[in-house]
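Secondary and tertiary structure notes
What follows is the residue order along each chain.
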Amino acid sequence: MSGSPLNGHENVSDASRTADTGSGAQRAGGFLRVVRRELKRISGSPFFVVFVLIMPYPTFLVLSLAFLQPIPRDLPVVVCDMDHSTLSRQITRFMDASPALWCMEEVPDMQAAAARVREGRAHAVIYLPQMLEQDTLSGEASPVTVFLNNQWLLTSGVITRAVRDVVVAASEKYDRMLYMAEGSDPPQAAWRAEPIRVDLHPLFNPGMNYRFFLLPAVLPVVLQMFIAMAAVRAVGMEFRARTADAWLQAAGGSPALALLGKLAPYTLYWTALSWFMWVWLHRWFDVPIQGSRLTLAAGTFLLVLAYQAVAVLFVALKGNLRLANSLAGFYCGPAFAFSGITFPHLGMPWPARAWGLLLPITHYLRVVNEQAFMGAPAEVSIKSLLALLLFTVIPGVWGYGKLRWLFRAPEKWGQL
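Residues numbered from 1 in each chain as written. Predicted model: local features only at pLDDT ≥ 70, side-chain atom pairs only at ≥ 80, totals over all residues. Heavy atoms only, no water.

1. Brief notes about the nonpolar core
Note the cut-off: As used in this record, nonpolar core signifies buried Ala, Val, Leu, Ile, Met, Phe, Trp, Tyr and Cys residues forming a set joined through side-chain atoms within 4.5 Å. Think of it in three bands: residues with accessible area under 20% of the maximum for their type are buried, residues over 50% are exposed, and the middle band is partly exposed, with areas taken using a 1.4 Å probe on protein chains only. Numbering of helices and strands starts at the N terminus; helices are DSSP runs of H or I of at least 4 residues and strands are runs of E of at least 2. The contact rule is simple, with two residues in contact once any of their heavy atoms fall within 4.5 Å.
The biggest cluster of nonpolar side chains holds 77 residues, and the ones touching the most others in it are Val235, Phe239, Trp270, Trp278, Ile361, Tyr364 and Leu403. Top element by residues in this core is helix 10 (residues 210-240). It accounts for 18 residues. Each residue touching Val235, except ones within four places of it in the same chain, is listed here: Trp247, Leu259, Lys262, Leu263, Val312, Val315 and Leu403. One finds Val77, Cys103, Leu132 and Ala170 within the second-largest nonpolar core, a separate group that totals 21 residues.

Shown next as structure tokens:
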């Protein structure tokens, strides 16, 4: 038993002064005692059982099921056909046949079409003007107008691409018919309809698969929050519950062994779960791993260490669990927005770009992009791996130094 806070302080100080005099066997024994103590704390804590051992799995499952369909399909649109011609009806049929679109309704005017969009029943309005077929047959350009709810960027991008493909295909067909009517043979008519073609070869995600684009980024972003919050709770509760002296004594008075022994079960668990995450993505969701699996595994391990080191620093700064939780939430919560996945870093203002570079997840997702999708040589990812290593070393050393001071300051213990 530690006795009063003053006695606890004296015990901590005495133990710390003699911590480095023990043999290797004694140090190993102290490390294992802390590991066993932490495993007992995990099994006896409803929070850790639920938050660490249960919640990650249904979270991964729910997020994965959201991308079960890799490409958005059957997005509802309304058609306002003011021409009622063979061409306009053909365009409407082509739109409805497109996998991405569902022409849910033909409306008589734009007022009704706008109402469908405002009600949230349709994502876009496709307007086919009067004289569409007549202007097309006479060689005049007649636009097919699309009104989009551009607040949903991904949805509007899919609809824009699908409508453009349909209209281009219909336009080429009519151009070929006109040229053939003028006496051109079919190959010559096809060439005259589109004399210059764009030969587009999308790299790394040629099918525009949103599962490949988002799921390998979303799951690590969620994982980093679990890692950081669990580490904050594990370390911070020792000081909040005033059990830090017993924790240190279990380590034989060594703050280093106390910290390493406490984090070791979480490190092994989160690393195994992270690797399982990649097995899950690769085997069941067909996410490719084109490059070095060893490099990807190393980056994943460093991601776990980096967020644990940052979490220890948050706790050690003030010894206040509530403040540490708030800092971890602020640091990890909006990380996805600054990681460069949905909005490129080069397009961000410099404060946002700088903040993104201060997040381990940013560098990890670069490793993911390089090794999973681009098939880049392992040495291409060294810069990002070194950044993750720095996130482990700098916050880790800083946090450890503050933690040693916190062990000797029992007046700081017991804070919410």
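Read on, since the account is not over.
2. Looking at the confidence of the model for the chain
Short version of the rule: Each residue carries a pLDDT value, the predictor's own confidence for that position, ranging from 0 to 100.
For the chain, per-residue confidence averages 86 on the pLDDT scale, and 86% of positions sit at 70 or higher. Below pLDDT 50 for its whole length, residues 1-21 participates in 25 contacts with residues either more than four positions away or in separate chains.

3. What about the packing of helix 10 against helix 13 (residues 293-318)?
Rule in force here: Every axis corresponds to a line fitted to the C-alpha atoms, with the helix fit spanning only the stretch in contact, and the corresponding angles, defined between N-to-C directions, vary from 0 to 180 degrees. Crossing chirality is assigned from the near helix's rotation relative to the far helix, an anticlockwise turn below a right angle marking it left-handed and a clockwise turn marking it right-handed. Residue polarity follows a fixed list, in which Ala, Val, Leu, Ile, Met, Phe, Trp, Tyr, Cys and Pro are nonpolar, Asp, Glu, Lys and Arg are charged, and the others, Gly among them, are polar.
Packing of helix 10 against helix 13 leaves a shortest axis separation of 8 Å and a crossing angle of 40°. As helix 10 packs across helix 13, the resulting crossing turns out to be right-handed. Across the interface between the two elements, Gln224, Ile227, Ala228, Ala231, Val232, Val235, Gly236 and Phe239 of helix 10 pack against Val304, Tyr307, Gln308, Ala311, Val312 and Val315 of helix 13. The class makeup of the residues in the contact of helix 10 with helix 13 is 11 nonpolar, 3 polar and no charged.

4. Side note on unusual backbone geometry
The backbone of Asp74 sits at a positive phi, close to 55°, despite the residue not being glycine. Mapped onto the elements of the fold, Asp74 is located in the loop between helix 4 (56-66) and strand 1 (75-81). Given a relative accessible area of 49%, Asp74 falls into the partly exposed group. Positive phi is not limited to glycine here, since Asp286 has a value of about 60°. Among the structural elements, Asp286 can be located in the loop between helix 12 (255-284) and helix 13. The exposure class of Asp286 is exposed, given its relative accessible area of 51%.

5. Focus: the pairing of strand 1
Formally: Throughout, right-handed denotes a crossover for which the path from the first strand over the helix to the second runs clockwise when the strands point away from the viewer. Strand pairing is assigned whenever DSSP detects at least two bridges linking the two strands.
With 7 of 7 residues buried, strand 1 lies mostly within the body of the structure. Burial along strand 1 is two-sided: the face carrying Leu75, Val77, Val79 and Asp81 and the face carrying Pro76, Val78 and Cys80 are both buried. Handedness of the β-α-β unit built from strand 1, helix 5 (residues 86-97) and strand 2 (residues 101-106) comes out right-handed. As defined by bridge partners, strand 1 adjoins strand 3 (residues 124-128) across 5 bridges and the pair is classed as parallel. The residue of strand 3 that forms the bridge with Asp81 is Leu128.

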